[in-house]
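So you can see what is in the structure, the chains are spelled out below.
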Amino acid sequence: MISPEHGLSSSTVRGGRATALVAVGLLAVSFASPGAAQSPSFLNINPSWSPDGKRLVFQSERFGTNELFIVDADGGNLRRLTSNGVDDTHPAWSPDGELIVFDSNRGGVWEIYVIRSDGTRERRLTYREGSRGVEHGRHPSWSPDGKRILFDSDREGSLQVYEMDRDGRAPRRLTAARGRAGHAAYTPDGREILYTGVVDGNQDVWVMNADGSNPRRLTDHPGPDGAGRLSPDGRTIAFYSEREGNPDIFLMNRDGSNLRNVTRDSATAYELAWSPDGRTIAYYSSAPGRFELFLMDADGGNQRQITSTGYDNAWPQWSPDGRSVVFASNRDGGDWEIYRMAADGAD
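Residues numbered from 1 in each chain as written. Predicted model: local features only at pLDDT ≥ 70, side-chain atom pairs only at ≥ 80, totals over all residues. Heavy atoms only, no water.

**Student:** Just checking my understanding: could you explain the nonpolar core for this structure?
**Tutor:** Across soluble globular proteins, you tend to see nonpolar side chains buried next to one another. With 19 residues, the main nonpolar core has Tyr284, Trp315 and Trp318 as its most contacted residues. Secondary-structure elements contributing two or more residues to this core are strand 23 (269-274), strand 24 (280-285), strand 25 (292-297), strand 27 (313-318), strand 28 (324-329) and strand 29 (337-342). (Core = buried A, V, L, I, M, F, W, Y, C linked by side-chain atoms within 4.5 Å. Buried < 20%, exposed > 50% of the residue type's maximum accessible area, 1.4 Å probe, protein only. Helix = DSSP H or I, 4+ residues; strand = E, 2+ residues; numbered from the N terminus.)

Next comes the structure, spelled out in C-alpha cells:
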C-alpha cells in the first residue's frame, strides 16, 4: 500500500488548485492500493473529518510508529494526539464530535481505544481476557447516533464483526459466518450493517440487521466483492469487485438486485466515497496511466477526472458539507501528503 507526506504547499491540478494540508492519505482497505511497489519514507494515512468539518484526524509514521494527529481543515494548527511508541491506527470521529475511536497494538495485541480531540481522557474499551487472538479489536466505526461502535475481532477464533456500547460495555458478536467477516459499517439510517464476508473462500458483500439478525449475502460470485457502502438516500449500494477481471466499481439496489458495473474498462478503480447529498461518487482510477481522482453521478454516468498532476492521487474523502474533497498525493515526491480541493476541482 502507499501513502502521503507532510508539509504545507500547493500544487496545480486539473481544473484548479489543491492545497496541501499535511501528511495523510492511504485508507486501509482490504484490497490492493496504488503504488504498491513504492517505498515512501513514512506513511500518513486514514483521515477522518470532524462532524463540523473544521478538523481532520489521521495517523502518521513520521516519528517511526503510527501515531494520531489532528490538523485544521485549512492545514493549520497541527498537533499530536498520541505518543506510545506503538501503532495507533484507523481513527474515526464520533458523530457528536466528542471522541475519536481508534485501534492500537499496545502489548502486541490490537485493542480499541477512545480519546478526546484535545488528547485527554484516553481509555481502552476492549480487553483480551484470555483470548489467543492478536486482532482483539480492529477497524472501529460508529453508529449514526454515536451510541455504539462496530469492530473486527478474532477473540473467538476467526475474524468476525462485533458491537459494543461507546463506553466499551456490552460487547457482543454480530456475525457467525463459517469463514471470516469484517470491515463493517452501519447504513446511514442505522437500521442495517454492511460488511465483507468470506465464506467457503468466496468474498462477498453481506448485510444484516443492526442487531445482527437476518444476515444475507447480497453478492455471490467467485471473484472478490467487498467494501459495500449505502448511498445517503438508502437506495443504492456501491461496492468494489474483481468479478470481471479488473478491479471495478459496481452499483446495486439495496436488496442486491439490478447489479451493474459502472467503471467497465481495463483500468483499476478503487476506494469509493458517496457525497453527503448522495448525488456523486468520488473514486480513484488508473485509467490515465497513474492513479487520479474521478467523480461520477450516482447512477454511474458523467464520469470525469478532477486531478491531473503526473503523480498518484488517491483515497478521496468528502467534507461533511460536500463542498470539499480531501485526498492523498505523492506529487511532492517520496512521502504522501493530504490535499484538499473543491469538490468540482475548481480550486
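**Student:** What exactly am I supposed to notice about the environment of tryptophan 206 here?
**Tutor:** When you line up the elements, tryptophan 206 lands in strand 17 (residues 202-209). In this structure tryptophan 206 comes out as buried when scored by relative accessible area, which is 16%. Linking tryptophan 206 and glycine 256, residues 50 residues apart in sequence, is a C-alpha distance of 9.4 Å. Residues contacting tryptophan 206, with those up to four places away along its chain left out, are Ile193, Leu194, Tyr195, Gly197, Val199, Pro215, Arg216, Arg217 and Leu218. (Contact = heavy atoms within 4.5 Å.)

**Student:** Before we go on, may I ask you to explain the sheet that holds strand 18 (residues 216-217) in this structure?
**Tutor:** Note: strands within a sheet are paired through backbone hydrogen bonds, in either parallel or antiparallel orientation. Strand order in the open sheet made by the four strands is 15-16-17-18, with antiparallel pairing throughout. In the strand order of this sheet, the two ends are held by strand 15 (180-186) and strand 18, each with one partner. (Pairing = 2+ DSSP bridges.)

**Student:** Explanation requested: the packing of aromatic side chains in the structure shown.
**Tutor:** Within a pair of aromatic rings, the relevant descriptors are the distance that separates the centres and the angle that separates the planes. Applying the stated criterion across every chain yields a total of nine aromatic pairs. Ring plane angle 20 degrees and centroid distance 5.8 Å describe the contact between phenylalanine 58 and phenylalanine 69, whose orientation is recorded as stacked. One end of the pair, phenylalanine 58, is in strand 4 (residues 55-60); the other, phenylalanine 69, is in strand 5 (residues 67-72), with eleven residues separating them in the sequence. Neither residue differs from the other here; phenylalanine 58 and phenylalanine 69 are each classed as buried. Between tyrosine 195 and tryptophan 206, the aromatic rings sit 6.2 Å apart at their centres with planes inclined by 25 degrees, giving stacked as the arrangement. Of this pair, tyrosine 195 sits in strand 16 (residues 192-199) while tryptophan 206 is found in strand 17, placing the two residues eleven residues apart along the sequence. (Phe/Tyr/Trp six-rings, centres within 6.5 Å; stacked < 30°, edge-to-face > 60°.)

**Student:** How do you make sense of the side chain of serine 143 when you look at a structure like this?
**Tutor:** As for its placement among the helices and strands, serine 143 is situated in the loop between strand 11 (138-142) and strand 12 (148-153). Overall, serine 143 belongs to the buried group, its relative accessible area being 0%. Among all residues touching serine 143, those that are not within four sequence positions of it are Pro95, Arg148 and Tyr186.

**Student:** Can you help me understand the pairing of strand 28 in this one?
**Tutor:** Here strand 28 lies mainly inside the structure; six of its six residues are buried. A two-sided burial pattern is seen for strand 28, the buried positions comprising Ser324, Val326 and Ala328 on one face and Val325, Phe327 and Ser329 on the other. Here strand 27 folds back onto strand 28 in antiparallel fashion, the turn holding five residues, of which glycine 322 has a positive phi close to 75 degrees. In this sheet, strand 29 lies alongside strand 28 in antiparallel orientation, the contact comprising six bridges. Across the sheet, residue valine 325 finds its bridge partner in strand 29, namely methionine 341.

**Student:** Where do I start with the environment of leucine 218 in this structure?
**Tutor:** Secondary-structure assignment places leucine 218 in the loop between strand 18 and strand 19 (225-230). Among residues more than four places away in sequence, those in contact with leucine 218 are Leu194, Val205, Trp206, Val207, Ile237, Met252, Arg254, Asp255 and Gly256.

**Student:** What is the right way to read the sheet that holds strand 23 from this model?
**Tutor:** Read across the open sheet, the four strands follow the order 23-24-25-26; overall the sheet is antiparallel. At either end of the open sheet lies a strand with only one pairing partner, and these are strand 23 and strand 26 (304-305). The pairing of strand 24 with strand 25 spans six bridges and is classified as antiparallel. Bridged to alanine 282 within strand 25 is leucine 295.

**Student:** Help me out: how do you make sense of the confidence of the model for the protein chain in this one?
**Tutor:** Note: predicted coordinates in regions of low pLDDT should not be interpreted at a detailed level. With 84% of its residues at a pLDDT of 70 or more, the protein chain shows a mean pLDDT of 82. Confidence drops under pLDDT 50 across residues 1-17; counting only partners more than four residues distant or on other chains, this segment forms 101 contacts. (pLDDT = per-residue confidence, 0-100.)

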